[in-house]
Amino acid sequence: MSITAKELAKKLNLSPAAVSMALNHKPGVSTTTRRLVFDAAEKYGYDFSRITEKHPVPGSIYLVIYKKHGAVVTDTPFFSQISEGISLECKRQEYNLKVNYIYEDDDVIQRQLEDMRSSDCCGMILLGTEMTDRDLRPFLKLPSPVVLLDTYFESAACDSVLINNVQGAYMATSYLIQKCSSQPGYLRSAYEIYNFTQRSAGFYKAIRAAGMSASQSIVHDLTPSVDGAFADMLEIIKSGEPLASCYFADNDLIAVGAVKALKQHGLRIPEDVAIVGFDNQPISSVIEPNLTTVHVPKKYMGETAAARLISLIHDPSQPPVKTEISTSLVKRNSVPRAKHGGI
């Protein structure tokens, strides 16, 4: 006699609802839990014919990568890992995936959107990292559902999957305060996007929580690339502007560029200046010293966005949901393990 879903849930110490969602390929459980359930189902002889098979809706899912200025959305491992997660979930649920790049140009955008209207697009994942709410509006007029990825707008009635930027920046800044016993400075992106705005909020929230005055934090605006941040930081150092003894950076590329400039000027990391980045890009683990940073589960973000879109394709009446993916701190050598007094 085959095992039931309820019995399977008891064996795995999971709720029956979680097991049902996993077996029926519904969103609401992690990829790890889904695999655990399927492995156990096969092991204990679950009758998979019990599952009501849902055939994919005809058509393709479109991943649309929107580039406004290209300063943030580049061909980095960050975005390739998100794309990998989307591709995996589409394959898992038997959907064809097509990738389109759209650049800020009103005439071109309108033509591409018209092409999508007449195409086989049954749903869209829109990478909106560099978008404003105004840029998003034409996409929401499409007849198929849209999931916005890596950003969020209060004014848009649209599903969004994004990083919990406030949580990550707060955690990183609090760690700096704990280890350095001094007020952190801020290596802020010279390009304003939603993610960086939210990281700024998390940074200042941690500053205030530590009883420090936000106005006392030293802030440098740097280009969000390694070469750009390096050049900008060199100019700041040469100008004689005061430096902080520790910094939170809006992303790893800014942090790495700043580290290179500080080291060229003869400062030691972390003995003289400690730095924390954000995103946990591969470069953070190869620079010397290795960069303490905030890890973002990028592939999982992509899987979550695809699962949510497929759910909307089957049931478009669902209300919009904002899904924030939590982060974790990767402690490396750009921050001292014991408290220090700074420069």
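What you are looking at is a predicted structure, and each value in this text was computed from that prediction instead of being measured.

A. Spotlight on the sheet that holds strand β8 (residues 246–249). Taken together, 4 strands build an open sheet; the order of strands is β7-β6-β8-β9 and the sheet is parallel. Every interior strand has two partners, whereas the edge strands, β7 (219–222) and β9 (274–276), have only one. For this sheet the average axis-to-axis angle between neighbouring strands, irrespective of direction, equals 20 degrees. Strand direction decides the pairing type here: strand β6 (residues 185–189) and β7, joined by 4 bridges, are parallel. When the bridges of β7 are listed, L187 appears paired with H220. Sitting on the sheet, helix α7 (residues 165–180) is in contact with β8 and β9, with an inclination near 170 degrees to β8.

B. The arrangement of the packing of helix α2 (residues 16–23) against helix α3 (residues 31–43) in detail. Where α2 meets α3, the closest approach of the two axes is 9 Å, and the angle between their N-to-C directions is 85 degrees. One way to sum up the angle between α2 and α3 is to call them roughly perpendicular. From α2, V19, M21, A22 and L23 reach across to α3, where they touch R34, V37, F38 and A41. By residue class, the composition of the contact of α2 with α3 is 7 nonpolar, no polar and 1 charged.

The rules behind the values
- Residues numbered from 1 in each chain as written.
- Predicted model: local features only at pLDDT ≥ 70, side-chain atom pairs only at ≥ 80, totals over all residues.
- Heavy atoms only, no water.
- Pairing = 2+ DSSP bridges.
- Helix = DSSP H or I, 4+ residues; strand = E, 2+ residues; numbered from the N terminus.
- Axes fitted to C-alpha atoms, helices over the stretch in contact; angles between N-to-C directions.
- Contact = heavy atoms within 4.5 Å.
- Parallel < 35°, antiparallel > 145°, perpendicular 65-115°, else oblique.
- Nonpolar A, V, L, I, M, F, W, Y, C, P; charged D, E, K, R; others polar.

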